[in-house]
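So you can see what is in the structure, the chains are spelled out below.
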Protein chains: 2
Amino acid sequence: MSSKPSIPKGTRDFSTEEMLKRDYIFETIKQVFRLYGYQPIETPSMENLTTLLGKYGDEGDKLLFRVLNSGDFLSSVEDNELLGREHIKLSSKICEKGLRYDLTVPFARYVVQHRDEITFPFKRYQIQPVWRADRPQKGRYREFFQCDIDVIGSDSLLNEYELIKVIDEVFERLKISTCIKINNRKVLSGIAGFIGEAERITDITVAIDKLDKIGIEAVNEELQGKGLSSEAISNLQPVLQLCGDNYAKLNKLSDLLSKSEIGMKGISELRTLLAHVDSSPLKCDLELDLTLARGLNYYTGAIIEVKSKDVNIGSICGGGRYDNLTGVFGMQGVSGVGISFGADRIYDVLNQLNLFSDIKVSSTEALLVNFGEKEANYALKILDLLHRLGVSAELFPDAVKLKKQMSYADSKKIPYIIIAGDDEIADNSITVKNMSSGEQKKIALNDIVSFVKDEIIRSK
Amino acid sequence: MSSKPSIPKGTRDFSTEEMLKRDYIFETIKQVFRLYGYQPIETPSMENLTTLLGKYGDEGDKLLFRVLNSGDFLSSVEDNELLGREHIKLSSKICEKGLRYDLTVPFARYVVQHRDEITFPFKRYQIQPVWRADRPQKGRYREFFQCDIDVIGSDSLLNEYELIKVIDEVFERLKISTCIKINNRKVLSGIAGFIGEAERITDITVAIDKLDKIGIEAVNEELQGKGLSSEAISNLQPVLQLCGDNYAKLNKLSDLLSKSEIGMKGISELRTLLAHVDSSPLKCDLELDLTLARGLNYYTGAIIEVKSKDVNIGSICGGGRYDNLTGVFGMQGVSGVGISFGADRIYDVLNQLNLFSDIKVSSTEALLVNFGEKEANYALKILDLLHRLGVSAELFPDAVKLKKQMSYADSKKIPYIIIAGDDEIADNSITVKNMSSGEQKKIALNDIVSFVKDEIIRSK
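Computed from a prediction, not measured in an experiment: that's the story for all the values here.

Q: So what's going on with the overall build of chain A? Which residues, and what values?
A: Along chain A, the regular secondary structure elements total 18 helices and 16 strands. For 460 residues, the compact-globule estimate of 2.2 N^0.38 gives 23 Å, and chain A exceeds it by more than 25% at 29 Å. Buried residues in chain A amount to 60% of all 460 residues. Taking the contacts inside chain A whose residues are at least 6 apart along the sequence as the reference set, 69% of them involve residues at least 24 apart.

Q: An account of the interface of chain A and chain B is needed here, citing residue identities and associated values.
A: Each side of the interface is counted separately: chain A has 108 residues, and chain B has 109 residues. Linking chain A with chain B are eight salt bridges, by the criterion used here. We note a salt bridge from B:Arg85 to A:Asp79, for which the minimum N-O separation is 3.0 Å. Broken down by element, the side of chain A that touches chain B gets its largest block of residues, six residues, from helix H15 (residues 373-388) of chain A. Partitioning the side of chain A that touches chain B into residue classes produces 46 nonpolar, 36 polar and 26 charged.

Q: I'd love a proper account of helix H8 (residues 185-194) of chain A, names of residues and values included.
A: Residues and elements named next belong to chain A. The buried count for H8 comes to seven of ten residues, which makes it a mostly enclosed element. For H8, the complete set of buried residues consists of Arg185, Lys186, Val187, Leu188, Gly190, Ile191 and Ala192. Contact partners of the buried residues in H8: strand S7 (178-184), helix H9 (201-208), helix H11 (230-240), helix H12 (246-256), helix H13 (261-279) and strand S9 (302-308). Between a side-chain oxygen at the N-terminus of H8 and the backbone nitrogen of Lys186 the separation is 2.8 Å; the capping residue is Asn184. Backbone geometry just after H8 places Gly196 at a positive phi near 80°.

Q: Give a detailed account of the environment of A:Val391, specifying residues and quantitative values.
A: Summarising the element assignment, A:Val391 is placed in the loop between H15 and strand S13 (393-395). When the C-alpha atoms of A:Val391 and A:Val452 are compared, they prove to be 8.0 Å apart, with 61 residues separating the residues in sequence. Excluding anything up to four places from it in sequence, A:Val391 contacts A:Glu365, A:Leu386, A:Val452, A:Ile456, A:Ile457 and B:Leu35.

Q: Outline the environment of B:Ile267, listing residues and values.
A: Residue and element names in this part refer to chain B. Within the secondary structure layout, Ile267 lies in helix H13 (residues 261-279). As a C-alpha pair, Ile267 and Leu257 span ten residues in sequence and 9.0 Å in three-dimensional space. When sequence neighbours within four positions are dropped, the list of residues in contact with Ile267 reads Val187, Leu250, Leu253, Ser254 and Leu257.

Q: Mind laying out the pairing of strand S16 (residues 440-444) of chain A, listing which residues take part and the relevant values?
A: Walk down a regular strand and you will see the side chains alternate between the two sheet faces. All names here are of chain A. Note: strand S15 (residues 429-434) against S16, five bridges, orientation antiparallel. Paired with Thr431 across the bridge in S16 is Lys442. Taking the residues between adjacent antiparallel strands as the criterion, S15 and S16 are bridged by five residues, where Gly438 takes a positive phi near 80°.

Q: I'd like a description of the relation of the copies chain A and chain B, backed by residues and values.
A: For the pair chain A and chain B, the relating rotation is 180°, the translation along its axis is 0.0 Å, and the fit reaches an RMSD of 0.0 Å. What the superposition gives is, in effect, a two-fold axis relating one chain to the other. Among all residues of chain A, the one whose C-alpha sits closest to the rotation axis is A:Val67, at a distance of 2.3 Å. Here 100% of the contact residues of chain A are again contact residues in chain B; the copies associate through an equivalent surface.

Q: I'd like to hear about H13(A), residue by residue, with values.
A: The first and last C-alpha atoms of H13(A) sit 27 Å apart over 19 residues, in line with the 27 Å expected at 1.5 Å per residue. Among all positions in H13(A), only A:Gly263, A:Gly266, A:Ile267, A:Glu269, A:Leu270, A:Leu273, A:Leu274, A:His276 and A:Val277 are buried. Its buried side turned inward, H13(A) meets helix H7 (157-174), S7, H8, H12 and strand S8 (285-288) of chain A together with helix H15 (373-388) of chain B.

Q: A description of the packing of aromatic side chains should follow, citing residues and the corresponding values.
A: All names here are of chain A. Summed over all chains, the structure comprises 26 aromatic pairs over all chains. On the basis of an interplanar angle of 15° and a centroid distance of 6.3 Å, the ring pair of Tyr110 and Phe122 is categorised as stacked. On the criterion of sequence distance, the pair formed by Tyr110 in helix H6 (residues 104-113) and Phe122 in strand S5 (residues 122-131) is long-range, its members being twelve residues apart. Taken together, the ring pairs connect Phe33, Tyr125, Phe171 and Phe341 into an aromatic cluster.

Q: Describe the packing of helix H1 (residues 16-35) of chain A against helix H14 (residues 343-352) of chain A, and please don't skip the residues or the numbers.
A: Residues and elements named next belong to chain A. Two elements in contact, H1 and H14, have axes separated by 10 Å at closest approach and are oriented at 115°. Considered as vectors, H1 and H14 are oriented roughly perpendicular to each other. Every pair of crossing elements has a handedness; the one defined by H1 and H14 is right-handed. Touching Glu18, Lys21, Arg22, Tyr24, Ile25, Phe26 and Ile29 of H1 are Ala343, Asp344, Ile346, Tyr347, Leu350 and Asn351, all from H14. For the contact of H1 with H14, the residue count by class is eight nonpolar, one polar and four charged.

Q: Provide a residue-level description of the state of the cysteines, including the pertinent values.
A: One pass over the full model with this rule turns up zero disulfides over all chains. Unpaired in this structure, A:Cys95 has its nearest cysteine sulfur neighbour in B:Cys95, at a distance of 6.9 Å. Overall, the relative accessible area of 2% leaves A:Cys95 in the buried class. Cysteine B:Cys284 remains unbridged, with the sulfur of B:Cys179 as its closest cysteine sulfur at 7.6 Å. B:Cys284 gets classed as buried once you look at its relative accessible area, which sits at 9%.

Q: Describe the pattern of salt bridges, listing the residues and the values that go with them.
A: This structure, assessed with the given rule, holds 58 salt bridges over all chains. Two residues, B:Glu162 and B:Lys123, come together in a salt bridge whose shortest N-O distance is 3.1 Å. Here B:Glu162 is found in helix H7 (residues 157-174), whereas its partner B:Lys123 is found in strand S5 (residues 122-131), with 39 residues between them in sequence. Note on B:Lys123: relative accessible area 3%, which makes it buried. Residues participating in the shared-partner salt-bridge network are A:Lys123, A:Glu162, B:Glu394 and B:Lys412.

Q: Can you tell me about the sheet that holds strand S11 (residues 336-342) of chain A, naming the residues and giving the values?
A: Residues and elements named next belong to chain A. Overall, mixed pairing links the eight strands, which are arranged S1-S5-S6-S11-S10-S9-S7-S8 in an open sheet. Only two strands of the sheet have a single partner each, and these edge strands are strand S1 (39-40) and S8. Bridging between S1 and S5 involves two bridges; their strand directions are parallel. Bridge pairing in S5 places Gln39 opposite Arg124.

Cut-offs used in this document
- Residues numbered from 1 in each chain as written.
- Chains lettered and ligands numbered in written order.
- Predicted model: local features only at pLDDT ≥ 70, side-chain atom pairs only at ≥ 80, totals over all residues.
- Heavy atoms only, no water.
- Helix = DSSP H or I, 4+ residues; strand = E, 2+ residues; numbered from the N terminus.
- Rg over C-alpha atoms; globule rule 2.2 N^0.38 Å.
- Buried < 20%, exposed > 50% of the residue type's maximum accessible area, 1.4 Å probe, protein only.
- Contact = heavy atoms within 4.5 Å.
- Salt bridge = Lys/Arg side-chain N within 4 Å of Asp/Glu carboxyl O.
- Nonpolar A, V, L, I, M, F, W, Y, C, P; charged D, E, K, R; others polar.
- Polar contact = N/O pair within 3.5 Å; in protein donor to acceptor, adjacent residues only side chain to side chain.
- Pairing = 2+ DSSP bridges.
- Least-squares fit on C-alpha atoms with pLDDT ≥ 70 in both.
- Expected span 1.5 Å × (residues − 1).
- Phe/Tyr/Trp six-rings, centres within 6.5 Å; stacked < 30°, edge-to-face > 60°.
- Axes fitted to C-alpha atoms, helices over the stretch in contact; angles between N-to-C directions.
- Parallel < 35°, antiparallel > 145°, perpendicular 65-115°, else oblique.
- Left-handed = near helix turned anticlockwise from the far one by under 90°.
- Disulfide = S-S within 2.5 Å.

The structure is reproduced here in structure tokens:
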């Protein structure tokens, strides 16, 4: 093989610079998670397909990456099944495992499997990659990182409020202006009932979720195409056209849904959340958005989505309340609520807004120049000393031209160059060059410790 | 589905406690990597199978997890191929991607792909999971973490020496007593040549690699079984029985291999390495072990393996020099050397030796008790203040019995409980209970800042 190697489409390598920028995002998010008492767990990359299938809708099932069984994967498949070529059915016979699609379903599985070791309410955070066989495009990858927190085992709305605070704090620390959009699945159910189409809630929410993108005419057409009656569509119009501030919207909704028990329950939940927020104002905007539905079937209460106000890139964080997710794994009556930060989109936002400027690329503080065997042996003793003092330092491994060693230091942005040639060996010293000031000075071996403490460590 | 869910065999969930212990290992290793000037990169979990196949021997190829192509994966497979049921051949037609087997091959691929962006010598570290469809057993998992450093683009033996220093420093910080075993592939080639079986180097190294486990008789039998002549086996005996300290072994080897150019080159490399080590003694032991071969075909020079002296668990770190690895991806003449720390085995060693005792399990410093709506609203203001002061704190989300809230605090090992009931609300105070001393005191709202600074933050 001699053509340049490549990686699967939709996947990425991360260079050192990208790694440091990503670490900054992960560290910021983790610190806030910990500040609010969330604890880390991790789950395996592969889950049994029985765990994953049926949790994300038909579309989601198609986007799962399946892992071929080891050994003779065909041994339990009959000839006629092979020739039938039903690839979806066949894939379940030759693959038992899949790569996780998100962190929420594996978390629900974790909770059920480890229920006896967990103290509830269980507040966990989890930062790991997920995989989706989506069509790759700008800002959409087949392997990407999610940063999730969930509280499971408590249906208190204080949890929803806490998630809003966490979002507010994370984006304030990252200096990204955001708008948090909230909605409630119960309100959506109320609306579907109010227009006489309770059964059609999925079609209705899918359609109105597009209002932002395609406009009200197109939404109405889509609803008509789905077979909703003209009367239902006409009854829906006041909801689609709801305007004013959050309270104005809620008041109008209360009028419309006054006869819907579930709708009024959703409105009451939203009011409680807003009251908490009012008592301790957020740095970001909070907007009630009735068109917010999100694709996931498992939401039953609050629905949350966060958008950057300065970069048009879709949702950078989202989540909601799910009452039944552990139920599918055999553990009933446990409600959970959680959100997921999309590290990759947050990365793109910070990049576009130039908010990464302060990230330090090099970890190396000092490069010792290599002039040959004798000098290298002298330099190794200096290197030992620097390492003992906690200074990140390296000796260039080859005795090549000084120019090449300097350009290495340059490209790694190493701030100090240490030169130890015949002169320095003769009088037990080193010469240190500060790469930003250009200043160069000779330092006796006995003075290295104080030099390091006064200058290198202090400038870090 | 109502049976308890599970995860694929050979994979693991990590609880919070396990996560914190693992983080301690990763952080310790990372700090040493950075101290020596290594920079982080990451590569995707999935690589094209063309990148992975043929790099790990036939056994390795079998252990690769293959990812089924999305959509109709059978579309390019003929009926007769299906009925032929050659599962290995078929798997290559229905799977283009696989999960990475180690970090070295993806790193070589990365270097070739990004050669124009990289400054050589390139010192990178990489900490990510790898996957192998190995038979799961104690201490062997199908998903496990490797922590790798490699230097590529320099054939200086200073790199091998640096890796030895890194190993020494990592295990000193982790307080694990270790023995570093070293060998050199050139010496193994010299030995194979010396006994007149240069072509059989793989069979010979595979056999003598087992000396430790099965003893000299069994090794000789295995060699005989592989078809080695009695004369060759008899010539090999002095090598197998080599004893004494490192220099004694090298002197004896020099006599035996004096006519082998490659063998003498290997001996000279080992001498250089030992000379460096002598000038700055290690904390761990360093032992020349001629039976050390390791399975990987791509090693060409130094071979390194590390064992715990107190726990019998196999290799906890290993690596070596590879001269041709980027060659298979079309980039010739670039030599690399690297080592990989096995985080999972290191975890087991630390656990067995009880060296994890100081890991702090809770991140939460203070739990605010929830007595109901009014009290919770008062507590939320305290919570805001604590968060602004950087104190990790949480309000229990439900107004359940005090006992339940206390046992939650207990299981999360939260050191401070904050009580704010009617009395406290009436006189603008809180009651703080120190869970380790049992001491309880009332603090005015105005004094919270100084209390936090004097007591909570100081005790962290």
